[in-house]
Amino acid sequence: RPERALFEAHVGDLVARLSAGSPAPLRIYGELVEILAEEGNFAGAAALEDLWNELRTVVPFALLCGYSSGHFAAPNAGRALEHICARHGRIHQGHADVLGSWLLRQSSHADAV
């Protein structure tokens, strides 16, 4: 699981510095959540999403996350995708991603792209 103190010290401080020196809002891509999901660590991915959301209350930025739908098709994935999607303001999926489309149809959080 992500450690709040380490996240705040490293990521939070970096985002605050970059945001302060930027004329436009930052756009950040969060890759670590995908790595955690790939490992089946859905609780860790959700906890990291929460840390990002908490940071957004202090520093303005847009967070973009990407997840491979295959990670959520495993029997042990349960409702992990729904719990992670609930932590996002908007969810996008490509129509060519049949598995992702099917998985996200199970959730009311999806907007087709």
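The structure under discussion appears in the preceding block.
Notes on the structure in this doc start here. What you see is a predicted model, and the numbers here were worked out from it, not measured in a lab.

Thresholds applied
Residues numbered from 1 in each chain as written. Predicted model: local features only at pLDDT ≥ 70, side-chain atom pairs only at ≥ 80, totals over all residues. Heavy atoms only, no water. 1 Å grid on protein atoms, 1.4 Å probe; cavity = no way out; pocket = protein on both sides within 12 Å on 5 of 7 lines; lining within 4 Å. Points joined across faces, edges and corners; volume = space filled by probe spheres on them. Helix = DSSP H or I, 4+ residues; strand = E, 2+ residues; numbered from the N terminus. Nonpolar A, V, L, I, M, F, W, Y, C, P; charged D, E, K, R; others polar. Contact = heavy atoms within 4.5 Å. Core = buried A, V, L, I, M, F, W, Y, C linked by side-chain atoms within 4.5 Å. Buried < 20%, exposed > 50% of the residue type's maximum accessible area, 1.4 Å probe, protein only. Expected span 1.5 Å × (residues − 1). Pairing = 2+ DSSP bridges.

### Some thoughts on the layout of surface pockets
Here is step 1 of the chain: Taken as a whole, the largest pocket holds about 560 Å³ of empty space.
Here is step 2 of the chain: Around the largest pocket, the lining is made up of 26 residues, and of these Cys65, His88, Arg90, Ile91 and His92 lie nearest the centre.
Here is step 3 of the chain: Of all the secondary-structure elements, those providing two or more residues to the lining of the largest pocket are helix H3 (42-56), strand S2 (61-65), helix H4 (80-85), strand S3 (91-93) and helix H5 (98-105).
Here is step 4 of the chain: Of the residues belonging to the lining of the largest pocket, the class tally is eleven nonpolar, ten polar and five charged.

### What about the side chain of Ser19?
Here is step 1 of the chain: Relative to the assigned elements, Ser19 resides in helix H1 (residues 4-20).
Here is step 2 of the chain: Apart from residues lying up to four places away in sequence, Ser19 is in contact with Leu26, Val59 and Pro60.

### Notes on the nonpolar core
Here is step 1 of the chain: Counting residues in hydrophobic clusters, the biggest one holds 25 residues, and the most contacted among them are Val15, Ile28, Leu48, Trp52, Leu55, Phe61 and Phe72.
Here is step 2 of the chain: Of all the secondary structure elements, the ones that give two or more residues to this core are H1, strand S1 (26-30), helix H2 (32-38), H3, S2 and H4.
Here is step 3 of the chain: Of all the elements, H3 adds the most residues to this core, at seven residues.
Here is step 4 of the chain: Sequence-distant contacts of Phe72, defined by excluding residues within four places in its chain, comprise Ala37, Phe42, Tyr67, Ala77, Ala80, Leu81, Ile84 and Leu103.

### Quick notes on H3
Here is step 1 of the chain: Taking 1.5 Å of rise per residue, the 15 residues of H3 would be expected to cover 21 Å, and the 21 Å separating its terminal C-alpha atoms lies within 8% of that figure.
Here is step 2 of the chain: Turning to H3, its buried residues number three or more, namely Phe42, Gly44, Ala45, Ala46, Ala47, Leu48, Glu49, Leu51, Trp52 and Leu55.
Here is step 3 of the chain: Check the buried side of H3 and you find it contacts H1, S1, H2, S2 and H4.

### Notes on the pairing of S1
Here is step 1 of the chain: The alternating pattern of S1 places Leu26, Ile28 and Gly30 on a buried face, while none of Arg27 and Tyr29, on the opposite face, is buried.
Here is step 2 of the chain: Looking at chain direction, S1 and S2 are connected through five bridges and run parallel. Paired with Arg27 across the bridge in S2 is Ala62.

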